[in-house]
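Notes for the structure review
One-letter residues, chain by chain:
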Amino acid sequence: ALWPKEQSPDARDWIRDHVSSGRIGGAVFRLRLPAGGVPAGQAIREDQVRLTFAYDGADILAYDGLPVIHAARGAGGLLGDEYGMNVQSASIEGIGLSQGLVQIPRLAGAHKRIYVDGRAAGDARQILAVVDGSTGGMARRNGFDPARLGGQGEVAFSLSRYLESGPGDFRVAYQGVVKNAKVSG
């Protein structure tokens, strides 16, 4: 295997369990570690580890309970103790995704958070159905069935949560507009 089991097993397992297809290319890896490695408890600096890559055609299950993101394309990198990835284009349940940014500012230590920002455009009913499903039924709990909405939607979104399992402090914000809106019965 290209990725030894002993190296970053959490990241390796996440990719195995959540990325079902895709291609990586243009990878550039630079490693400049002191003899004997990085001392325990010290963060890896950007000038010590740098990996950049492009990806295309990736199918990703970002979180359990969310629909699969299809045909994701963009670039990413590991810079010391920080991971970042931009998503130029993708789709989720037929909705176009763009201007995505995934950031994990700190990979080592406790209370690591992931931040995801992006834009979605498409059928407003479908967008609201995905939002409703990913927020535990927020729209339905507040008395609105997404199937009632018609029109074209554009949404900016921000999500963040702790990477560790257990109580999650999941934060989500959406802001959008619906053009040619229709609300049925």
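Residues numbered from 1 in each chain as written. Predicted model: local features only at pLDDT ≥ 70, side-chain atom pairs only at ≥ 80, totals over all residues. Heavy atoms only, no water.

**Points about the overall build of the chain**
Within the chain, the regular secondary structure consists of three helices and eight strands. Mapped in sequence order, the helices and strands of the chain form the string α-β-β-β-β-β-β-α-α-β-β. Each principal axis of the C-alpha atoms in the chain carries an extent, and together these give about 70 × 35 × 25 Å. Looking at the chain as a whole, 29% of its 185 residues qualify as buried. Relative to all contacts within the chain whose residues are 6 or more apart in sequence, the contacts with residues 24 or more apart total 50%. As displayed, the chain has an accessible area near 11300 Å², and 56% of this comes from carbon and sulfur atoms. (Helix = DSSP H or I, 4+ residues; strand = E, 2+ residues; numbered from the N terminus. Buried < 20%, exposed > 50% of the residue type's maximum accessible area, 1.4 Å probe, protein only. Contact = heavy atoms within 4.5 Å. Areas by Shrake-Rupley, 256 points an atom, 1.4 Å probe, with all protein chains shown as cover.)

**Here we look at the environment of Arg30**
Assignment of secondary structure puts Arg30 in strand 1 (residues 19–31). Linking Arg30 and Val49, residues 19 residues apart in sequence, is a C-alpha distance of 5.9 Å. If sequence neighbours within four positions are ignored, Arg30 has contacts with Glu46, Asp47, Gln48, Val49 and Arg50.

**As for the side chain of Asp81**
Within the fold, Asp81 resides in the loop between strand 3 (69–79) and strand 4 (82–92). Of the side chains with opposite charge, Arg106 comes closest to the buried, unpaired Asp81, at an N-O distance of 5.6 Å. Sequence-distant contacts of Asp81, defined by excluding residues within four places in its chain, comprise Ala43, Ile44, Ile104, Pro105, Arg106, Leu107 and Ala108. (Lys, Arg positive; Asp, Glu negative; His and termini not counted. Salt bridge = Lys/Arg side-chain N within 4 Å of Asp/Glu carboxyl O.)

**What about the side chain of His18?**
Residue placement: His18 occurs in helix 1 (residues 9–18). Taking the relative accessible area as the measure of exposure, His18 reaches 14% and is therefore buried. For His18, the residues in contact, after removing those within four places along its chain, are Asp59, Ile60, Leu61, Ala62 and Asp64.

**Concerning unusual backbone geometry**
A positive phi angle is found at Glu93, which is not glycine, with a value near 55°. Summarising the element assignment, Glu93 is placed in the loop between strand 4 and strand 5 (95–104). Even without glycine at this site, Asn180 takes up a positive phi of about 55°. Relative to the helices and strands, Asn180 is located in strand 8 (residues 171–183).

**Structural notes on the pairing of strand 7 (residues 149–162)**
Inspection of the sheet shows strand 6 (residues 113–123) paired to strand 7 by 11 bridges, in the antiparallel sense. Within strand 7, the residue paired with Val116 across the bridge is Leu159. Summarising the sheet, strand 7 and strand 8 pair through 11 bridges and their orientation is antiparallel. Paired with Leu159 across the strands is Val172, a residue of strand 8. (Pairing = 2+ DSSP bridges.)

**Considering the packing of aromatic side chains**
The description of an aromatic ring pair rests on the distance of the ring centres and on the angle between the ring planes. All told, the structure shown has one aromatic pair when counted by the stated rule. Here the guanidinium or amino end of Arg113 rests over the ring plane of Tyr162, the centre of that ring lying 4.6 Å away. (Phe/Tyr/Trp six-rings, centres within 6.5 Å; stacked < 30°, edge-to-face > 60°. Lys NZ or Arg CZ within 6 Å of the ring centre and 35° of its normal.)

**A look at the sheet that holds strand 4**
Ordered by their spatial adjacency, eight strands build an open sheet running 1-2-3-4-5-6-7-8, and the pairing between neighbours is antiparallel. If you trace the sheet from one side to the other, it starts and ends with strand 1 and strand 8, each paired once. Sheet twist, expressed as the average angle between the axes of neighbouring strands with direction ignored, equals 10°. Packing against the sheet, helix 2 (residues 124–134) makes contact with strand 4, strand 5, strand 6, strand 7 and strand 8, and its axis sits at approximately 30° to strand 7. (Axes fitted to C-alpha atoms, helices over the stretch in contact; angles between N-to-C directions.)

None of the figures reported here should be taken as evidence of function without further support.
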